[in-house]
Amino acid sequence: MNNKKIFRGVLAALLAALMMLSIVACVPATQNEEEYYTYNTFTTISPTNWNELTYQDNNDTQIMSYLGSSFFTFDFKFDENGEIVTGDFEIKYEAATKLEDVTAAYAEAWGLPADGKGYAYKITLRDDLKWQNGDPIKAEDFVYTMEQQLDPAFKNYRADSFYVGATIIANAQGYAKQNETIENLDNGVAGLYTLADLVKNADGVYTQPDGSAIYFALTTPLDWCGGKTVTQYSPYMNADSFAALQALADENGYVAITDETVALWTTLIYTEDWGFEGPENLPYYWIIPSYTYPEMTFDKVGIFAASDYELVLVLEKSLDLLKEDGSLSYKAAYNMASLPLVHKATYEANKQEPASGSDLWTSTYNSSVETTMSWGPYKLESFQAGKQYTLVKNDQWFGYALPENEGLYQTDKIVCDTIEEWNSAWVKFLAGEIDGIGIDVSVADDYKGSDRAYFTPDDFVASLQLQSSEEQLAARQSAGVNKTILADVRFRKALSLSINRADFAAETTTSSLQGFGLYNSMHYYDVANGKAYRESDAAKKVLCEIYNVDYTQYATLDEAVDAITGYDIDAARALVTEAYNDALAAGKISATDKVVITMGSGAINETVQRRFDYITEAWKELVKGTPLEGRLETEVKDFGSAWAEDFRAGKYDVCMGGWTGAAWDPGYFLLAYLSPAYMYSAAWDTSSQEMTFTMMGEEYTMSLMDWYNCLNGTGEHDWSDVALDQEDRLPLIAALEKEVLKVYYTVPLYNNFSASLLSYKVDYITYTYNTFMAYGGMKYMTYNFTDAEWAEQVAEANGEFDYK
Amino acid sequence: MYMFKYICKRVGLMLVIFSIIFVICFVLIRLVPINTSVGLGQDKDILIAQIKDRGYDKPIPEQLVLYIQRIVKDGDFGRAYDKMPNIKMNTPVIDVFIERLPPTILINIMSSLLAVPVGIALGIFAALKKNKWQDHVISTAVMVIISVPSFVYGSLFLYVICFKLGILPKEIASLPAIAKQYALQYIPFTANWDLYFNPTMIKSMLPAVLCMSFGSIAGYTRFTRAELTEVLTSEFMLLARTKGLTKSQATVRHALRNAMVPIFPSIIGEVLSVLSGSLVIERIFSIPGVGALYLNAINAQDYDFFMLLSSFYLLVGLAAGLVIDLSYGFIDPRIRMGAK
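Residues numbered from 1 in each chain as written. Chains lettered and ligands numbered in written order. Predicted model: local features only at pLDDT ≥ 70, side-chain atom pairs only at ≥ 80, totals over all residues. Heavy atoms only, no water.

J.: Could you give me a rundown of the packing of aromatic side chains, with the residues and numbers involved?
T.: Residue and element names in this part refer to chain A. Within this structure, the stated rule accounts for 81 aromatic pairs over all chains. With a centroid separation of 6.4 Å and 80° between ring planes, the pair formed by Tyr144 and Tyr347 is classed as edge-to-face. Of this pair, Tyr144 sits in helix 4 (residues 139–149) while Tyr347 sits in helix 11 (residues 344–349), and the two are 203 residues apart along the sequence. Like Tyr144, the residue Tyr347 is buried in the burial classification. A centroid spacing of 5.2 Å and a plane angle of 50° characterise the contact between Trp397 and Phe398, whose relative ring orientation is tilted. For Phe398, a relative accessible area of 5% translates into the label buried. One aromatic cluster is present, built from ring pairs that chain together Trp422, Trp426, Phe429, Tyr447, Tyr760, Phe785, Trp790, Phe801 and Tyr803. Over the aromatic face of Tyr55 sits the side chain of Arg158, whose NZ or CZ is 4.0 Å from the ring centroid. The aromatic ring of Tyr400 is capped on one face by Lys393, whose charged end is 5.2 Å from the ring centroid. (Phe/Tyr/Trp six-rings, centres within 6.5 Å; stacked < 30°, edge-to-face > 60°. Helix = DSSP H or I, 4+ residues; strand = E, 2+ residues; numbered from the N terminus. Buried < 20%, exposed > 50% of the residue type's maximum accessible area, 1.4 Å probe, protein only. Lys NZ or Arg CZ within 6 Å of the ring centre and 35° of its normal.)

Rendered as structure tokens:
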């Protein structure tokens, strides 16, 4: 009886708890019954800072891209039937109405080449540009914003956008760095002085114009030398001159600049091994022990308003934004799509004084609804960091009134949830609560064939990066464990040839495709004419040569390229045997040593593990039938957020990585693989590795870095895209790609493709990816259902759509 | 008086332990070199300037003094660094923490409110039905729930209850949406407590609450059953029955009270530990709580976040230990802390 009472009590408590839950669960879900079109999407990491002056990563640009406008913009090219011309594009004026090259008008005042082009531009703005609150936008607002962008008191993250890279505004760097003191400033990089700029003092020593010291540097690392010193390169230079200069050097390795040392240095670098450098290159060897950027007023920076709606921009490096016929070149939309713009009153109100113990100012502008101002097609309606943001149409945007936009921009509202877990997003997608999602490898087989699936390429080529520091490899060897065999290029090539790229991509990625080169189909060497690098004959030959495919045996180069698999196990085994036998003979490996390859990553998740497992199996297969059979092992280690630094420091042997960016400038992109500052493993000495190549009809022998510098207009020859036609530069880009590939420190594996599903609610204008317009974005997105209609569809589908 | 002295001594010891661990954490995290790599075409000087501005280039002892000075003088616990996911660089870390605490606390408290009575009730029932089929069913269910990791039943719950059956929302509601629905105001970087107490928000928290409670219910059930089973076989229970108490009177007045001596402190411990949140459940139901902050702070090498969270959890842990110890004295008058 008593037990029954207790049982009844427990039951009552349980029922009460369940009733409470049921009551709350019965609260009706609010439904959006309005007749507008809402695009529901998600992100795994929330944007937090869409301030153009300080945004940190691509997550932030999610919101930023809707809040601003472009002076010039890419658009699809349509044929006479209104159909999109595949792969083609147009450049159109948007927030600007006119672009003029005004170099001649400002040449004298700004010291520009008198006959130069592309150094100064006047941009005429539309006169109906407005902020979301109706405040007008004038040219002066862009000038104010640039002053804030470069303000040295803030050290804004994006200040370098205007003094590093293609768009260099006159004196922007000087203004941003004023009063900043740099130790051991490399004159070769800073480009401050030539001999004519220096002042010769009574004692015969040359100094900077203000009397500060400047020296030849014997033992100071020089950035343009890949961080190496002249002393390290002295074997390639004149030995007598070097000895004489050493005798004159002080304890820091500095040599005072005098007529005597200028003469000595001139002979020092004029050797065959050093490429017979001339005296004009002497300033590259100067170092300024301590350089303080002088104070500067903003009127010295190359941006100003010529009138209310005319903005003038003076550049240090010319940019061809206009074609010969005066129409916009692709660079107008690529390099000068817009300039940063902040709403002055809001920006001023959100400046934050330096925190305790700090010197730098910060800003909360564009980090919440209250601090955000839009002059683009959408404005921020709500934002909760790490959870959700919503955007609605900005009725002050000039674009909605333009006749060419009639029927476009159907989307009334954008709702973006932050959902870290893919499975959580997936059930929301199937339930019709979000309108697009990337296909995870776990469901790829079921959904890759869906008629709602689409595939997006990007410029990322995932590659194996192999350790290039033999010294570090040797340091990590132990009794019975060999690693230095990785320093043998034949062994690295064997590792490369043992991996079937197509199979690797199919087994370890959702939708990526085999990759063989540093570049993929997204890299354009001649954007204006729509020429992709990988489609060129020069680029195809590089791949054939690297992967041992004799293209002369095929009817066409395309057939030869199609025959490449990257996999040649017999050749690979022969290379392993050769490398091993030579190492054995040289005493670098013993007959019982194991070769242990340490693979590292920033996180060992399922995907990473799957890839490393595949590679392990491939390499175990590789050594079968070779003297290393059963003696090659791999291990996988998690190096956390320091994985890249640790790899550079030589702490492990193999990582996976690649580069994105500069997809339309493959010449510049080579920096990532040739400069020690960017290489994954930085021990490959590209400043001494030479290449002989015929350029513009003349044969030259130079270091790879010198070739790179010439290709980008910063070396002895100017073979930049300003000086040369793109077709003339192409062979050199291909030659350098081949040089990088043939040392096998970088082993390309796959070209990244992402597979996605789009809900039945919306449609893109095209499902053929366009490099310039993608799928048309929000501008061209169309809706099959209003929100209310979609809710009915969801109800009819019982909350679960079938996308298979 | 004994008790007072004991508390003072324990608090003093707590502060000493806190200081030692605080310094160890501070030194260890700063021994990990900060990432200074930049992408193609970026000026490294800007990053270096930002790092210097935070004093990260100074000797560690000097950094420690400056850090404590800032906290004591200005209440400034530091600013978020640039790689912390979902958090704007330079945002005061304390503001982020305050905004993210409410969902974590509420979900865990609701989970405890559900788990404690249900778990104890099931435990009592199982103990009273020891070795009968009811006990076997409960014990088996408890073992299953305890053995299955939270991401499994979290994902299952999401798939079955929220997706297939559509009974509950798939994620927690956003604060701006709640503010709009109930004509309230959402203020970033504050706790926004008023936005959490409404049917829409509570309903959206239920999936997480229920998932969080499964493990606790199982734990309390197992613990209560074990304790009560032992007490029910004690000699004083026989005495209670022989002096004329009914079985339920003896169970409620004597057995339960004695069994609660170890159970009650565990409840206090769990309630205090709710502040740490659940990384897995918060991820599955997209809850912007504190669960992931600590891990993210370590991955992002965000020194200020790491120190704030380390200090907070350390204090909570030490305080929980103290409160649990003291609670024994209140539950069982026979126990007097510090008495000789």
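J.: Describe the interface of chain B and chain A, with residues and values.
T.: Contacts between the two partners involve 67 residues from chain B and, on the opposite side, 75 residues from chain A. Each partner contributes to the roughly 5900 Å² buried at the junction of chain B and chain A, and carbon and sulfur atoms together form 56% of this total. Joining chain B to chain A, the criterion identifies nine salt bridges. When contributions to the side of chain B that touches chain A are tallied by element, the ones reaching two or more residues are helix 2 (44–53), helix 3 (60–74), helix 4 (93–128), helix 6 (150–164), helix 7 (175–181), helix 8 (199–232), helix 10 (247–273) and helix 11 (279–284) of chain B. No other element matches the eight residues that helix 4 of chain B contributes to the side of chain B that touches chain A. (Contact = heavy atoms within 4.5 Å. Buried area = accessible area lost by both parts, 1.4 Å probe. Salt bridge = Lys/Arg side-chain N within 4 Å of Asp/Glu carboxyl O.)

J.: Can you lay out the nonpolar core for me, pointing to particular residues and giving the numbers?
T.: By size, the foremost hydrophobic cluster in this structure holds 127 residues, and its most contacted members are Phe71, Phe72 and Leu339 of chain A together with Phe305 of chain B. By residue number, the principal contributor to this core is helix 13 (residues 303–331) of chain B, which donates 11 residues. Residues within four places of Phe305 of chain B in sequence aside, it is in contact with Ala80, Met84, Ile87, Val93, Val96, Leu293 and Ala297 of chain B. Core analysis: the next-biggest nonpolar cluster, separate from the first, contains 94 residues, Ala572, Phe693, Ile733 and Tyr745 of chain A among them. (Core = buried A, V, L, I, M, F, W, Y, C linked by side-chain atoms within 4.5 Å.)

J.: Break down the sheet that holds strand 1 (residues 38–43) of chain A for me, citing the residues and quoting the values.
T.: Residue and element names in this part refer to chain A. One open sheet holds the four strands; their spatial order is 1-18-17-16, and the pairing between them is mixed. The outermost strands of the open sheet, each flanked by one partner alone, are strand 1 and strand 16 (378–384). Each neighbouring strand pair of the sheet contributes to a mean axis angle of 15°, computed without reference to strand direction. Here six bridges tie strand 16 to strand 17 (residues 388–393), and the two strands are oriented antiparallel to one another. In the sheet register, Leu380 faces strand 17, and the bridge partner there is Leu391. Sheet contacts for helix 2 (residues 58–67): strand 1, strand 16, strand 17 and strand 18 (413–418); angle to strand 16, the most-contacted strand, approximately 145°. (Pairing = 2+ DSSP bridges. Axes fitted to C-alpha atoms, helices over the stretch in contact; angles between N-to-C directions.)

J.: Tell me about the sheet that holds strand 4 (residues 96–101) of chain A, and name the residues and values.
T.: Two pairing modes exist for strands in a sheet, parallel and antiparallel, and in both the strands are linked by backbone hydrogen bonds. Residue and element names in this part refer to chain A. Overall, antiparallel pairing links the four strands, which are arranged 4-5-13-12 in an open sheet. Every interior strand has two partners, whereas the edge strands, strand 4 and strand 12 (303–307), have only one. Strand after strand, the sheet turns through a mean of 25° between neighbouring axes, direction not considered. As paired strands, strand 12 and strand 13 (residues 310–314) are joined by four bridges and run antiparallel to one another. What sits directly across from Ile303, in strand 13, is Leu313. Helix 4 contacts strand 5 (120–125), strand 12 and strand 13 of the sheet and is inclined by roughly 165° relative to strand 12.

J.: Explain the packing of helix 4 of chain B against helix 8 of chain B residue by residue, including any values.
T.: All names here are of chain B. Packing of helix 4 against helix 8 leaves a shortest axis separation of 5 Å and a crossing angle of 35°. Note that helix 4 runs across helix 8; the crossing there is right-handed. In the contact of helix 4 with helix 8, the residues fall into 23 nonpolar, nine polar and one charged. (Left-handed = near helix turned anticlockwise from the far one by under 90°. Nonpolar A, V, L, I, M, F, W, Y, C, P; charged D, E, K, R; others polar.)

J.: Run through the pattern of salt bridges, naming residues and quoting values.
T.: Taken as a whole and judged by the stated rule, the model has 51 salt bridges over all chains. In this structure, the salt-bridge partner of Asp763 of chain A is Arg452 of chain A, at a minimum N-O distance of 3.2 Å. Of this pair, Asp763 of chain A sits in strand 31 (residues 762–763) while Arg452 of chain A sits in the loop between helix 13 (444–447) and strand 20 (453–466), and the two are 311 residues apart along the sequence. Taking the relative accessible area as the measure of exposure, Arg452 of chain A reaches 12% and is therefore buried. Because the salt bridges share partners, they merge into one network encompassing Lys387, Asp417, Lys428 and Glu433 of chain A together with Lys170 and Glu171 of chain B.

J.: Before we move on, could you go through the environment of Thr242 of chain B and cite the residues and values that matter?
T.: Residue and element names in this part refer to chain B. Inspection of the secondary structure assignment puts Thr242 in helix 9 (residues 235–242). Considering only alpha carbons, one finds Thr242 and Ile20, 222 residues apart in sequence, at a separation of 55 Å. A distance of 2.7 Å separates the side chain of Thr242 from the backbone oxygen of Leu239, its partner in a polar contact. (Polar contact = N/O pair within 3.5 Å; in protein donor to acceptor, adjacent residues only side chain to side chain.)

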